[in-house]
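Structural overview for review
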Amino acid sequence: MSTPQSEHGADSRLSIGQCASLACLLEATAPKPGNVHRGADFEDLTYLDLAASAVMIGPPLEAAAAPGARLGPTVLAAVKATRLAVDTNSNLGTILLMAPLAMVPRDRPLKTGVAAFLGDLDANDARLVYEAIRLARPGGLGRVAEHDVAGRPPDDLLAAMESAKDRDLVARQYANGFAEVLGLLVPWLADGAGRWPLAAAIVRAQLRLMSRLPDTLIARKCGPAVAEQSAALAAGVLAAGEPGGEAYEQALSDFDFWLRSDHHRRNPGTSADLIAAALFAALRDGIIKLPVRFYAPSES
């Protein structure tokens with residue numbers, strides 16, 4: 001039996017479900033500023049919640065890789081599976097991003113494959129995705145005049161995502177063919193993993209994303225001015241140096257404190273969702289290979 005190969009010619013022994021669960025675990029474990037990780041819980045969301053969620057979405061996303069799978073049933077199944085283990089929204093954005101990527105055949109490049117897949121969505125996909133969003137009960141959505149999740153599901157999910165792209169980075173990926181996930185974050189993770197332990201590379205990628213595109217969960221909860229401030233602070237950490245440097249680590253710690261100082265309303269959760277999706281893509285294509293060097297020796 002031959003070993004499956006990715007589009008990059010790398011050894012791809014991980015199944016799609018394993019890629020999904022492992023990507024979520026890597027994202028949750030990295031000590032990203034403002035997010036839950038193994039050293040920092042929220043009152044209503046813990047590291048164990050994220051770890052359990054990572055396990056629960058593995059089977060639905062594994063099934064998504066089968067021929068004929070559809071987005072709507074996959075997203076709803078993954079949200080329902082998560083709800084069996086976690087009584088809060090721990091991963092809706094991640095599911096919405098990973099599901100289309102999981103459905104691209106492994107012998108097809110993600111960039112072209114996901115665009116073709118998204119172009120084939122139908123009204124039932126939209127209906128079930130809206131049902132999944134309501135079941136997950138994400139915070140900070142508010143009300144909008146067009147395609148509101150509390151209203152009638154649209155016939156065209158991509159049109160709804162297009163209308164939301166300026167206020168939600170997850171919707172933006174549907175509208176632009178996953179440009180930030182595949183075009184920015186995957187290369188940033190690959191570059192960082194070649195220079196530092198993976199945990200540091202993940203944190204660095206998060207900072208680069210936040211400095212370029214203010215986190216939309218922060219914007220929805222706290223307003224655009226606070227989101228812009230978070231982007232400026234992320235840029236300041238990047239300007240302070242590189243992982244391991246004293247000035248960088250101090251700036252990172254200060255940024256983390258600021259993000260957590262408002263009862264985690266400044267949680268950059270949408271950025272975390274994009275990171276998880278990029279880690280999935282990197283594992284799927286053998287860009288990040290196992291075993292990974294996750295921490296520096298002194299941190300493990």
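Above this text you will find the structure in question.
Note that the coordinates shown come from a computational prediction; the quantities given were computed from them, not determined experimentally.

**Observations regarding the packing of aromatic side chains**
- Enumeration over the complete set of coordinates arrives at 3 aromatic pairs.
- A ring pair is formed by F255 and W258, whose centres lie 6.4 Å apart and whose planes are at 15°; its orientation type is stacked. Linking F255 with W258, this pair stays in helix α14 (residues 246-260), spanning 3 residues, or about one helical turn. Accessibility classification places F255 together with W258 in one group, the buried group.
- Pairing F294 with Y295 gives two aromatic rings, centres 4.8 Å apart and planes at 85°, and the pair type is edge-to-face. Neither residue differs from the other here; F294 and Y295 are each classed as buried.
- Its guanidinium or amino end placed over the ring of W258, R266 lies 4.3 Å from that ring's centre, counting from NZ or CZ.

**Here we look at the side chain of H37**
- For H37, the position within the fold is in the loop between α1 (16-29) and α2 (47-56).
- When neighbours within four sequence positions are excluded, H37 is seen to be in contact with A28, T29, A30, P31, K32, Y47 and R260.

**Quick word on the environment of A277**
- Among the secondary structure elements, A277 is positioned in helix α15 (residues 269-284).
- Residue classification places A277 among the buried positions, given a relative accessible area of 0%.
- When the C-alpha atoms of A277 and L101 are compared, they prove to be 8.2 Å apart, with 176 residues separating the residues in sequence.

**What about empty space enclosed by the protein?**
- Applying the stated criterion across every chain yields a total of 1 cavity of 30 Å³ or more.
- Of the pockets and cavities examined, the largest cavity occupies roughly 40 Å³.
- Together, V79, T82, R83, T88, N89, S90, N91 and A136 line the largest cavity.
- Per-element tally for the lining of the largest cavity: the top contributor is helix α4 (residues 71-85), with 3 residues.
- Partitioning the lining of the largest cavity into residue classes produces 2 nonpolar, 5 polar and 1 charged.

**Notes on the layout of surface pockets**
- Reported here for the second largest pocket is a volume of approximately 360 Å³.
- Those elements that place two or more of their residues in the lining of the second largest pocket are α11 (198-212) and α14.
- Per-element accounting of the lining of the second largest pocket gives the leading share, 5 residues, to α14.
- Along the lines of polarity and charge, the residues of the lining of the second largest pocket split into 12 nonpolar, 3 polar and 4 charged.

**Focus on the packing of α2 against α4**
- Between α2 and α4, the shortest axis-to-axis distance is 9 Å and the interhelical angle comes to 135°. With respect to their mutual orientation, α2 and α4 come out oblique. For the pair α2 and α4, the sense of crossing is right-handed. Each of A52, S53 and M56 in α2 lies in contact with α4, whose residues at this interface are A81, T82, L84 and A85.
- Tallied by class, the residues present in the contact of α2 with α4 amount to 5 nonpolar, 2 polar and no charged.

**A few points about α2**
- For α2, the set of buried residues is D49, L50, A51, S53 and A54.
- On its buried face, α2 is in contact with α1, α3 (58-64) and α4.

**Regarding the state of the cysteines**
- Summed over the entire model, instances satisfying the criterion amount to 0 disulfides.
- Sulfur of C24: no disulfide; nearest cysteine sulfur belongs to C19 and is 11 Å away.
- A relative accessible area of 8% means that C24 is categorised as buried.

**With respect to the packing of helix α8 (residues 157-164) against helix α9 (residues 169-176)**
- Taken N-terminus to C-terminus, the directions of α8 and α9 make an angle of 125°; their axes are 8 Å apart at the nearest point. The angle between α8 and α9 places the two elements in the oblique class. Of the two elements, α8 crosses α9, and the hand of that crossing is left-handed. Residue-level inspection shows L157, L158, M161, E162 and A164 of α8 in contact with α9, the latter providing A171, Y174 and A175.
- Residue classes in the contact of α8 with α9 are distributed as 7 nonpolar, no polar and 1 charged.

Parameters and conventions
- Residues numbered from 1 in each chain as written.
- Predicted model: local features only at pLDDT ≥ 70, side-chain atom pairs only at ≥ 80, totals over all residues.
- Heavy atoms only, no water.
- Phe/Tyr/Trp six-rings, centres within 6.5 Å; stacked < 30°, edge-to-face > 60°.
- Helix = DSSP H or I, 4+ residues; strand = E, 2+ residues; numbered from the N terminus.
- Buried < 20%, exposed > 50% of the residue type's maximum accessible area, 1.4 Å probe, protein only.
- Lys NZ or Arg CZ within 6 Å of the ring centre and 35° of its normal.
- Contact = heavy atoms within 4.5 Å.
- 1 Å grid on protein atoms, 1.4 Å probe; cavity = no way out; pocket = protein on both sides within 12 Å on 5 of 7 lines; lining within 4 Å.
- Points joined across faces, edges and corners; volume = space filled by probe spheres on them.
- Nonpolar A, V, L, I, M, F, W, Y, C, P; charged D, E, K, R; others polar.
- Axes fitted to C-alpha atoms, helices over the stretch in contact; angles between N-to-C directions.
- Parallel < 35°, antiparallel > 145°, perpendicular 65-115°, else oblique.
- Left-handed = near helix turned anticlockwise from the far one by under 90°.
- Disulfide = S-S within 2.5 Å.

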